[in-house]
Amino acid sequence: MAFVNKSNSETLKKYLTLDQGGKIQAEYIWIDGDSGLRGKTTTLNKYPEHVSELKEWNFDGSSTNQAPGDNSDILLRPVAFFKDPFRGGDNIIVLNECWNNDGTPNRTNYRHSCAKVMDTYADAYPWFGIEQEYTLFDTDGQVLGWPKGGYPGPQGPYYCSVGASNAFGRDIVEAHYRACLYAGIKISGVNAEVMPGQWEYQVGPCEGIEMGDHLWVSRYLLHRVAEDFGVVVSFHPKPIPGDWNGAGCHTNYSTLAMREEGGIKAIHEAIEKMAEKHADHIAVYGEDNDKRLTGQHETGHISQFSSGVANRGASIRIPRHVAAEGKGYLEDRRPASNIDPYRVTEIVVTSSLA
């Protein structure tokens, strides 16, 4: 039996209620060289009123696949902060960009270019909503709730399910939902997914760069919550081979023109432009996405672009109510669950508006 790293919450609680003497704990988090998340804590003398008041910090990039050992210092530049649901009080979680010491963005820093694009097209008021799917595993590498050494019954009863025989991991889902709300993440819903042990939560609507910020911090919170329960979160787009649904990050997108009366015309124009750059989109829509975009299990094939109304087998879907109302948004169903949302939102905006 693998070691289970569960928090001893009752023992920890007596320490977390101790007075902090007016000091603030700030958890600086960042995206590492393998699209994972890292974090370390510093003490602040007071609560910041604005992100600009937060100090720049640094870390050893050679230990995170972000720098060579002979020039390893990587700078952390705060870009947003949120309430800390784990420590409570005035303690905060600080999201950072990674910068090299020569003043250039680290190769993992996709936020920098995304922010410039969002500033350029700010007058279009781009809104996003991302549906983050993920799979829960126990520490033995078994999907949570699956029989040891075997498989559950076929897909069908698990989507939006209730009951101990169909829904596995709800405590983690509920804890994460509440942690996001407390932190200030714009989480808008959750549901059990088609494969047992797989769940989804939605973040948005968010405007511009805020989409990537909120999704990355929500992922950090999910990992931390799962850590407390001794469970592992996987964002792999096809965690289990065979006749099981993969995991995606469906990206809902609109501009002001799409949301206004007659916006369906702008939606179709955007889809036509995005179709022309299908290969460019696929290149940044997640690792191992070819294992998911097979044309089966509610996906379009990775090599072909398609679109349609209410068609979950299309690359881009126009929801039925959007077509009926003649305005609204589109849903890009191609992004995998392990995307960098900065790269995805950037290319969606540039492809559709440039």
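Worth saying up front: this structure is predicted, and the values here are computed from it rather than measured. (Residues numbered from 1 in each chain as written. Predicted model: local features only at pLDDT ≥ 70, side-chain atom pairs only at ≥ 80, totals over all residues. Heavy atoms only, no water.)

K.L.:
How do you make sense of the nonpolar core when you look at a structure like this?
P.N.:
Nonpolar side chains in soluble globular proteins generally cluster together in the buried interior. Counting 60 residues, the largest nonpolar core has Tyr134, Leu136, Ile185, Leu221 and Leu330 as its most contacted members. Top element by residues in this core is helix α4 (residues 210-229). It accounts for 9 residues. Contact partners of Leu136, with chain neighbours within four places excluded, come to Gln142, Val143, Leu144, Phe168, Gly169, Ile172, Gly197, Trp199, Val231, Val232 and Val233. Tyr28, Leu44, Leu54 and Ile92 belong to the second largest nonpolar core, which has 15 residues in total. (Core = buried A, V, L, I, M, F, W, Y, C linked by side-chain atoms within 4.5 Å. Buried < 20%, exposed > 50% of the residue type's maximum accessible area, 1.4 Å probe, protein only. Helix = DSSP H or I, 4+ residues; strand = E, 2+ residues; numbered from the N terminus. Contact = heavy atoms within 4.5 Å.)

K.L.:
Can you help me understand the UniProt feature "domain: GS catalytic" (unreviewed entry) in the protein in this one?
P.N.:
Mapped onto the present numbering, the UniProt feature "domain: GS catalytic" (unreviewed entry) falls at residues 110-354. In this annotation, residues 110-354 is assigned 35% helix and 18% strand; the end-to-end C-alpha distance for the span is 19 Å. (UniProt positions renumbered as here; feature names shortened; annotations may be inferred.)

K.L.:
Sorry if this is basic, but what is going on with the packing of aromatic side chains here?
P.N.:
The way to describe two aromatic rings as a pair is by their centre distance and the angle between their planes. Tallying each qualifying case throughout the model produces 8 aromatic pairs. Arranged with centres 5.3 Å apart and planes meeting at 85°, the rings of Tyr28 and Trp57 form a pair that is edge-to-face. A residue pair is termed long-range when its members are at least 10 positions apart, and Tyr28 in strand β1 (residues 24-31) and Trp57 in strand β3 (residues 57-60) qualify at 29 residues. You'll find Tyr28 and Trp57 in the same group, each marked buried. When the ring of Trp146 is compared with that of Trp244, the centres are 4.8 Å apart and the planes differ by 45°; the resulting orientation is tilted. Here Trp146 is found in the loop between β6 (127-137) and α3 (170-183), whereas its partner Trp244 is found in the loop between β9 (232-234) and β10 (249-254), with 98 residues between them in sequence. (Phe/Tyr/Trp six-rings, centres within 6.5 Å; stacked < 30°, edge-to-face > 60°.)

K.L.:
Help me understand the UniProt feature "domain: GS beta-grasp" (unreviewed entry) in the protein, please; the structure alone is not making it clear to me.
P.N.:
This chain's UniProt record puts "domain: GS beta-grasp" (unreviewed entry) on residues 24-103. In residues 24-103, helix accounts for 0% and strand for 50%; the two terminal C-alpha atoms are 29 Å from one another.

K.L.:
What am I meant to see in the environment of Ala257 here?
P.N.:
Structurally, Ala257 is set in helix α5 (residues 256-259). Excluding residues that lie within four positions of it along the chain, Ala257 makes contacts with Gly263 and Ala266.

K.L.:
I would appreciate a short explanation of the sheet that holds β3 in the present structure.
P.N.:
Adjacent strands of a sheet form backbone hydrogen bonds with each other and so pair up, either parallel or antiparallel. Ordered in space as β2-β1-β5-β4-β3, the 5 strands form an open sheet in which the pairing is mixed. The open sheet has two edge strands with one neighbour each: β2 (37-44) and β3. Taken pair by pair, the neighbouring strands of this sheet meet at an average axis angle of 40°, ignoring direction. One ladder, built from 4 bridges, connects β1 with strand β5 (residues 92-100); its direction is parallel. For Ala26, the partnering residue across the bridge sits in β5 and is Ile92. (Pairing = 2+ DSSP bridges. Axes fitted to C-alpha atoms, helices over the stretch in contact; angles between N-to-C directions.)

K.L.:
Explain the pattern of salt bridges to me, please; I cannot follow it from the model alone.
P.N.:
Pairing between side chains of opposite charge can happen when their charged atoms approach one another. Throughout the structure, instances matching the rule amount to 16 salt bridges. Between Asp213 and Arg111 there is a salt bridge, with its nearest N and O atoms 2.8 Å apart. Pair noted here: Asp213 is in helix α4 and Arg111 is in helix α2 (residues 111-120), with a separation of 102 residues, a long-range link. What makes Asp213 buried here is its relative accessible area of 6%. By relative accessible area, which is 11% here, Arg111 ends up buried. Between Lys148 and Asp138 there is a salt bridge, with the nearest N and O atoms lying 2.4 Å from each other. Of this pair, Lys148 sits in the loop between β6 and α3 while Asp138 sits in the loop between β6 and α3, and the two are 10 residues apart along the sequence. Relative accessible area serves as the criterion here: at 57%, Lys148 is assigned to the exposed category. (Salt bridge = Lys/Arg side-chain N within 4 Å of Asp/Glu carboxyl O.)

K.L.:
Explanation requested: the packing of α4 against helix α9 (residues 341-353) in the structure shown.
P.N.:
Relative placement of two packed helices is described by the angle separating their axes and the distance separating the axes. The N-to-C vectors of α4 and α9 enclose an angle of 155°; their axes lie 9 Å apart at closest approach. With respect to each other, α4 and α9 are oriented roughly antiparallel. Crossing of α4 over α9 shows right-handed handedness. Residues Met211, Gly212, Asp213, Leu215, Trp216 and Arg219 of α4 touch α9, and the partners they reach there are Pro341, Tyr342 and Thr345. Across the contact of α4 with α9, the residue classes break down as 5 nonpolar, 2 polar and 2 charged. (Parallel < 35°, antiparallel > 145°, perpendicular 65-115°, else oblique. Left-handed = near helix turned anticlockwise from the far one by under 90°. Nonpolar A, V, L, I, M, F, W, Y, C, P; charged D, E, K, R; others polar.)

K.L.:
Honestly, the state of the cysteines in this entry has me stumped. Any pointers?
P.N.:
Linking two cysteines covalently via their sulfur atoms produces the bond known as a disulfide. Counted according to the given criterion, the structure contains 0 disulfides. Residue Cys114 stays outside any disulfide, its sulfur separated by 12 Å from that of Cys206, the closest cysteine. Of the cysteine sulfurs around Cys180, a residue in no disulfide, the closest is that of Cys206, at 11 Å. For Cys180, a relative accessible area of 0% puts it in the buried group. (Disulfide = S-S within 2.5 Å.)

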